[in-house]
Amino acid sequence: MTIALPDLAAMTAFGERIARVLRGGDVVALTGGLGAGKTTLARAILAALGHQGEVPSPTFTIVETYDALSPPVVHADFYRLKSPNEAAELGLDDYREGAALIAEWPDHAGGFADEPACLSIALETVGDGRQAIVEAGPDWQSRW
Ligand code: ADP
Ligand code: MG
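Here's a quick rundown of the structure. (Residues numbered from 1 in each chain as written. Chains lettered and ligands numbered in written order. Predicted model: local features only at pLDDT ≥ 70, side-chain atom pairs only at ≥ 80, totals over all residues. Heavy atoms only, no water.)

The next subject is the layout of surface pockets. Empty space left among the atoms is revealed by rolling a probe the size of a water molecule over them. Within this model, the largest pocket holds a volume of roughly 160 Å³. A29, T31, D107, A113 and S120 are, among the 13 residues lining the largest pocket, the residues nearest its centre. Going through the elements one at a time, β2 (27-31), β6 (118-126) and β7 (129-136) are the ones with two or more residues in the lining of the largest pocket. Sorting elements by how many residues they give to the lining of the largest pocket places β6 first, with 4 residues. Partitioned by chemical class, the residues of the lining of the largest pocket number 8 nonpolar, 3 polar and 2 charged. (1 Å grid on protein atoms, 1.4 Å probe; cavity = no way out; pocket = protein on both sides within 12 Å on 5 of 7 lines; lining within 4 Å. Points joined across faces, edges and corners; volume = space filled by probe spheres on them. Helix = DSSP H or I, 4+ residues; strand = E, 2+ residues; numbered from the N terminus. Nonpolar A, V, L, I, M, F, W, Y, C, P; charged D, E, K, R; others polar.)

Every protein donor of the magnesium ion (ligand 2) is listed here as T39 (OG1) and E104 (OE), and their distances to the metal cover 2.1 to 2.3 Å. In this pair, T39 sits in helix α2 (residues 38-48) while E104 sits in strand β5 (residues 100-104), placing the two residues 65 residues apart along the sequence. The exposure class assigned to T39 is buried, which follows from its relative accessible area of 14%. A residue is classified by how much of its surface remains accessible, and E104, at 2% relative accessible area, is buried. (Donors = N, O, S within 2.8 Å, 3.2 Å for Na, K, Ca; no water. Buried < 20%, exposed > 50% of the residue type's maximum accessible area, 1.4 Å probe, protein only.)

Moving on, we come to the packing of helix α1 (residues 8-21) against α2. Axis separation between α1 and α2 bottoms out at 8 Å; the angle between their running directions is 55°. The pairing of α1 with α2 is recorded here as oblique in orientation. Like other packed secondary-structure pairs, α1 and α2 cross with a definite hand, here right-handed. Of the residues in α2, those touching α1 at L8, M11, T12, F14, G15, E16, I18 and A19 are T40, L41, A44, I45 and A48. (Axes fitted to C-alpha atoms, helices over the stretch in contact; angles between N-to-C directions. Parallel < 35°, antiparallel > 145°, perpendicular 65-115°, else oblique. Left-handed = near helix turned anticlockwise from the far one by under 90°. Contact = heavy atoms within 4.5 Å.)

This part covers the site of ligand 1. Around ligand 1 there are 17 residues in total, and G35, K38, T39, T40 and R130 lie nearest to it. At 3.3 Å from a nitrogen atom of ligand 1 is found a main-chain nitrogen or oxygen belonging to D7. Within the backbone of G37, an N or O atom sits 2.9 Å from an oxygen atom of ligand 1. Within the complex, the protein chains bury 72% of what would otherwise be the 580 Å² of accessible surface of ligand 1. Elements represented by at least two residues in the shell around ligand 1 include exactly α1, α2 and β7. The greatest single-element share of the shell around ligand 1, amounting to 3 residues, is contributed by α2. Tallied by class, the residues present in the shell around ligand 1 amount to 6 nonpolar, 6 polar and 5 charged. (Near = heavy atom within 4 Å. Polar contact = N/O pair within 3.5 Å; in protein donor to acceptor, adjacent residues only side chain to side chain. Areas by Shrake-Rupley, 256 points an atom, 1.4 Å probe, with all protein chains shown as cover.)

Given below as C-alpha cells:
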C-alpha cells in the first residue's frame, strides 16, 4: 500500500492513524535515507498518543522512552549500531516489554519484519513531500 504524504499535515494525519490502533508489543519499522521523514513520523505518532513537549531524535542516545503513554513507546534510532548484537547489549528486549517500538534504521538492529506485529513503513522523497510504502504484518491486517 502506498500513501502520499505531500506535507507535514499529511504526516501528522498518518501518525494519528497509526496511534489510534497502536498496541504494546508492536513495532513500527521506519526505513528511508537521511531526511526521509522517519523522526517526523515518530513525532507525529507520539503527539497523537498525547505526548507533550520535546521528542529528541535518538540519533546519539539510540533509545528514548515514553513510559507515560498508552501504550508506552520506545523510540529508537539504530543508525549507529555496528551489529545487531549491540541491540541486545543495550537491553532492547527489556525496553520493549509492554511497549510499542518505533524503530529508525531497523535493519541495523537485525530487522523486525518477521514479527507478526511489525508495521513496516518505507519513506521516500517525492518532490517537496514524501510517500510511504506500508507493509502490515498479520497482526496489523485487521487493524489497518
Ligand atoms: P529522518 O528522521 O528520516 O532523517 P526527519 O524526520 O528528520 O528525517 O525529516 C527531515 C526533514 O523532512 C524535516 O525538515 C521535516 O520537516 C521534513 N519532512 C518530513 N516529512 C515531510 C513531508 N511529508 N513533507 C515535507 N517535508 C517533510
Ligand atoms: Mg531521524
